[in-house]
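# Summary of the model geometry
Okay, here's what each chain looks like letter by letter:
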2 protein chains.
Amino acid sequence: MTQIRRIILTEDEMPRQWYNLAADVNCPPFMSPAGPVPPEAWAPVFPMNLVEQEYSKQRWIDIPEEILSLLSRWRPAPMHRAYALEAALGTPARIYYKNESLSPGGSHKPNTAVAQAWYNKQAGTKKLTTETGAGQWGSALAYACSLIGLECKVFMVRVSFNQKPLPKLMMQTWGATCVASPSLETQAGRNVLDQDPESPGSLGIAISEAIEAAVTDPTGQTKYSLGSVLNHVMLHQTIIGLEAKKQLEKVGERLPDIVIGCAGGGSNFAGLSFPFVLDKIHGAKMEIIPVEPASCPTLTRAPYVYDHGDNAKMTPLVAMHSLGHNFIPAPIHAGGLRYHGMSPLVSKAVVDGLMSPRAINQLECYSAGMLFARTEGIIPAPESCHAIAATIQEAKKAKEEGKEKVILFNLSGHGMFDLLGYEKFMNGQLFDYELPQEIINKNHEALAGYPMP
Amino acid sequence: MTQIRRIILTEDEMPRQWYNLAADVNCPPFMSPAGPVPPEAWAPVFPMNLVEQEYSKQRWIDIPEEILSLLSRWRPAPMHRAYALEAALGTPARIYYKNESLSPGGSHKPNTAVAQAWYNKQAGTKKLTTETGAGQWGSALAYACSLIGLECKVFMVRVSFNQKPLPKLMMQTWGATCVASPSLETQAGRNVLDQDPESPGSLGIAISEAIEAAVTDPTGQTKYSLGSVLNHVMLHQTIIGLEAKKQLEKVGERLPDIVIGCAGGGSNFAGLSFPFVLDKIHGAKMEIIPVEPASCPTLTRAPYVYDHGDNAKMTPLVAMHSLGHNFIPAPIHAGGLRYHGMSPLVSKAVVDGLMSPRAINQLECYSAGMLFARTEGIIPAPESCHAIAATIQEAKKAKEEGKEKVILFNLSGHGMFDLLGYEKFMNGQLFDYELPQEIINKNHEALAGYPMP
């Protein structure tokens, strides 16, 4: 076997520190009407050890031994060379992908779920609340809480809750409680249902409910956990890119020319790309591409503003690209890419010119996913199909240019729970959907009077 | 991290030969009314290169480089030390498991699917037909055919086809055609439907349909592929146990005291255990336990006889433990463990006293699966839950005896498509079911006049 398809690392080779991009990219502070939000203001929501990470400017942060041990249940994750995809495309590009689909739960989400659950346990938390869209984050946190011994309650966006019964059963199997959002259990949920009893829900609404459920627990032992967007979440995910660097070295490969990940809240993309952003900051030539759906074009079409992270405006203002906290996304199948906002670090890196975001429509993404399934053999999550679609665009470009580019992308998860989406695609029942400009404009009216970053 | 949870091998360490138990355990020949069946009689069904393997008595058989390369897409598979399960049980036993759930398709089945598809391609086959119960085998063969460039048609047992929509979508995503069995496409299917239009189907019926569809193709370029039972299938699966041996050595472990796998047709159990059976034949003390459902107690309660492998009696007579080719299993959730027969090699090894089969009821298996999910973090297939249940029995026994036993079991697949079964278990909607002796007796009346092995 001269072609090594899977580049693996041993437990001993696992990165021992996370990389914190906040040391190298400067984000404006969280804002409240009273001005910048101090760390202690987050105390009702997050344990202080995680708040500290959220505010940290330290470039390298040690990964506690116990978290390494938890991660070692499925990490280091393999990196694959996509020989079969390359051959199908006839491209001179060398395509590599990190395979995050092999975790329990099937995505990159457990990387931060176990870290957050562990820090919460250390801080005395007894129960975590969270939201989930397609279910990847909710099941990851359920998994982590099960291993670490915390209660877990998940508010799942109603449209996904109804369309996808299996993820909630995963959460239940791991001992968590999962309810459809908007729910009658919170004021935020009741307010939405009063206005629209048929509301399909949104991540922004589910976040409001989960935060409310945490901060109103009179025992003070319930905290909230977020699966993307925030700096400490991006931090925990950087183990992906740090492993990838070691794996590329292992096969004698240079730094990639192009790094690609799909971006909803930004965490799998950040996880793969941030360690390479550091090289770019130090002069390496590299294109770093977050890919989003054309129906939810946060980085490519939404302005960089101060906005709330949730629908009920419970969070402070965050400097980020945002389609507006009232945004209700089209029901595309990539449930993890339908968030109105974006990681502040990813947003700022885009503003700083370190990244080149791209929007791709649904049908091209599913076509890419089908080609990937029939060449590389792994059926990708619809979210990951966005990264594959951009990879194929770049591989074709390399072919046209006759250049031996190195392309690295993140296969953020498998599509085992998304096969009904594939069925619709194969039956010609899916359509493309470009977000009309008027919707962005209208949502931004709600931001009148907010400060500008 | 002093506790190494995952023992991994590199591609270089992959076994280069399969182990053939037929060199060391002597099975009676396939029989037809004309006497023992010669290899060439199989020509309409299988390509001759696989028939040769089926009849081979050679102990070690080289794995072709191209098959190794295909396997390297997900192999070597990790072996895990089940520290968390051990702690939950408070057992002095050291528990290891091979994790076959990480393959595309999520089970051990692709190990033989890619091998069979490759040998067929070599022999000029254009299309493969097969049957599938729960869908693991059908999706594995669809995957393999997609990579190797063969057409694929799968007859899926109707009750599973209706209960589990996702596996058939996997097959379609990989380009295969999947129909419910009994179907109107074959004489075998029509015969069953004539008698019972509501027939839920069975593996035996689906095998008849798949064989008929292959042998009646006038081009002669369609062959049939079987996912278990036959010697060449067992052979391809031995890579599991051969890897496991290297992995145990790697952590300085002795030979296991107990080797456990669930057994439907026998392939995942054989794959893990056969290389250890060789040690047992050479004097090692070891308990080797195939585990089956109490509702389908082939090894524990059915006699060792000559019987057909399928319902329509298209196959020759096979010497094996059999509940009778007319057996229709109870609709338990472990769809892969509902076959009326058993691998001839496994059957003969049981007759020879090399293995100690055990039957376990459904509720105990799901309880075991839940404990495994909440400790080891992986939600197991209901089939694999049988192996886990026996492992827990043995770990408790080791605790009672105060013995530091080494237990190795095969996690044959994940339970992502079986979460509705878990839901029923959590809701108290599942029941135990012991097969009444009268059913076994009645089915065996159909074997009157058959030769005895």
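Residue positions within a chain follow its written sequence, with the count starting from 1. In the order they appear in the text, chains get letters beginning with A and ligands get numbers beginning with 1. pLDDT decides what is reported in this predicted model: residues at 70 or higher carry local features, side-chain atom pairs at 80 or more are listed and counted, and totals for whole chains, interfaces and linings draw on all residues regardless. Each side-chain value is worked out from all heavy atoms of the structure, with water and hydrogens disregarded.

### What about the overall build of chain A?
Stated precisely, the cut-off is as follows: By the criteria applied, helices consist of DSSP H or I runs no shorter than four residues and strands consist of E runs no shorter than two, each listed in order from the N terminus. Atoms counted for the radius of gyration: C-alpha only. Globule rule: 2.2 Å times the number of residues to the power 0.38. In this scheme, a residue with accessible area under 20% of its type's maximum is buried, one over 50% is exposed, and one in between is partly exposed, where area comes from a 1.4 Å probe on protein chains only. Here a residue-residue contact requires only that any non-hydrogen atoms of the pair lie within 4.5 Å. Accessibility throughout is a Shrake-Rupley quantity obtained with a 1.4 Å probe, and a residue counts as covered only by protein chains that appear here. Charged residues are defined narrowly, with Lys and Arg counted positive, Asp and Glu counted negative, and His plus the chain ends left uncounted. Where a charge sits is defined by one atom per residue type, namely NZ (Lys), CZ (Arg), CG (Asp) or CD (Glu).
Counting secondary structure elements, chain A contains 18 helices and 17 strands. Taken over C-alpha atoms, the radius of gyration comes to 20 Å for chain A, in line with the 22 Å a tight globule of 453 residues would show. With respect to the principal axes defined by its C-alpha atoms, chain A has extents near 60 × 50 × 45 Å. The buried share among the 453 residues of chain A stands at 69%. In chain A, 77% of the contacts between residues at least 6 apart in sequence involve partners at least 24 apart. In the structure as shown, chain A presents an accessible area of about 14,600 Å², 52% of it carried by carbon and sulfur atoms. Across chain A, the 39 positively charged side chains and the 44 negatively charged ones have centroids separated by 3 Å.

### Regarding the sheet that holds strand β9 (residues 151-157) of chain A
All names here are of chain A. Stated formally: Two strands are counted as paired when DSSP detects at least two bridges linking them. Interaxial angle, 0 to 180 degrees, is taken between N-to-C directions of lines fitted to C-alpha atoms, where a helix line uses only the stretch in contact.
Across the sheet, 4 strands lie side by side as β10-β9-β8-β11; this open sheet has parallel pairing. The open sheet has two edge strands, β10 (177-181) and β11 (222-224), and neither has a second partner. On average, adjacent strands in this sheet sit at an angle of 25 degrees to one another, irrespective of strand direction. Pairing analysis gives 5 bridges linking β9 to β10, with the strands arranged parallel. If you follow lysine 153 over to β10, its bridge partner there is threonine 177. Running over the sheet, helix α7 (residues 165-173) touches β8 (127-132), β9 and β10 and is turned about 170 degrees from β9.

### Considering the packing of aromatic side chains
All names here are of chain A. Counted only if it meets this: Pairing of aromatic rings covers Phe, Tyr and Trp, the last through its six-membered ring, and needs centres within 6.5 Å; plane angles under 30 degrees mean stacked, over 60 mean edge-to-face, and all others mean tilted.
Tallied over the full model, the rule gives 26 aromatic pairs over all chains. Relative to phenylalanine 372, the ring of tyrosine 97 lies with its centre 5.1 Å away and its plane at 70 degrees, an arrangement referred to as edge-to-face. On the criterion of sequence distance, the pair formed by tyrosine 97 in strand β7 (residues 94-99) and phenylalanine 372 in helix α15 (residues 362-375) is long-range, its members being 275 residues apart. Residue classification places phenylalanine 372 among the buried positions, given a relative accessible area of 0%. With a centroid separation of 5.4 Å and 15 degrees between ring planes, the pair formed by tyrosine 366 and phenylalanine 425 is classed as stacked. Here the residue tyrosine 366 occupies a position in helix α15, and phenylalanine 425 occupies one in helix α17 (residues 419-426), the gap between them amounting to 59 residues.

### Digging into the relation of the copies chain A and chain B
The condition is simple: Alignment of the copies relies on least squares applied to C-alpha atoms, considering only residues that score at least 70 for pLDDT in both.
It takes a turn of 180 degrees to lay chain A on chain B, together with a shift of 0.0 Å along the axis; the resulting RMSD is 0.0 Å. The transformation relating the two chain copies, once decomposed into turn and shift, fits a two-fold axis. Among all residues of chain A, the minimum C-alpha distance to the rotation axis is found for leucine 102 of chain A, at 3.1 Å. The residues that chain A uses at the interface reappear at the interface of chain B in 100% of cases, marking a shared surface.

### Here we look at the domain arrangement of chain A
Residues and elements named next belong to chain A. What counts here: Domain extents, as shown, originate in an automatic or database domain assignment. Here the buried area means the combined drop in accessible surface, using a 1.4 Å probe, for two parts upon being joined, counting both sides. By definition here, a salt bridge exists when the distance from a side-chain nitrogen of Lys or Arg to a carboxyl oxygen of Asp or Glu is within 4 Å. In protein, a polar contact requires one atom able to donate a hydrogen and another able to accept it; more generally it is a pair of N or O atoms within 3.5 Å, and residues adjacent in sequence count only if both atoms are side-chain atoms.
Annotation of chain A at the domain level lists domain 1 (17-61 + 109-228) and domain 2 (75-106 + 232-436). Taking only C-alpha atoms into account, the centre of domain 1 sits 22 Å from that of domain 2. Listed per partner, the contact involves 54 residues of domain 1 and 56 residues of domain 2. Summing the contributions of domain 1 and of domain 2, the shared interface buries around 4,300 Å²; its carbon and sulfur component is 67%. Its largest share of buried area at the contact with domain 2, domain 1 owes to Tyr19, Leu21 and Asn111, together 15% of the area lost on that side. Between aspartate 418 and lysine 164 there is a salt bridge, with the nearest N and O atoms lying 2.9 Å from each other. The interface formed by domain 1 and domain 2 includes 20 residue pairs in polar contact (both at pLDDT 80 or more). The element best represented in the side of domain 1 that touches domain 2 is helix α9 (residues 203-215), accounting for 8 residues.

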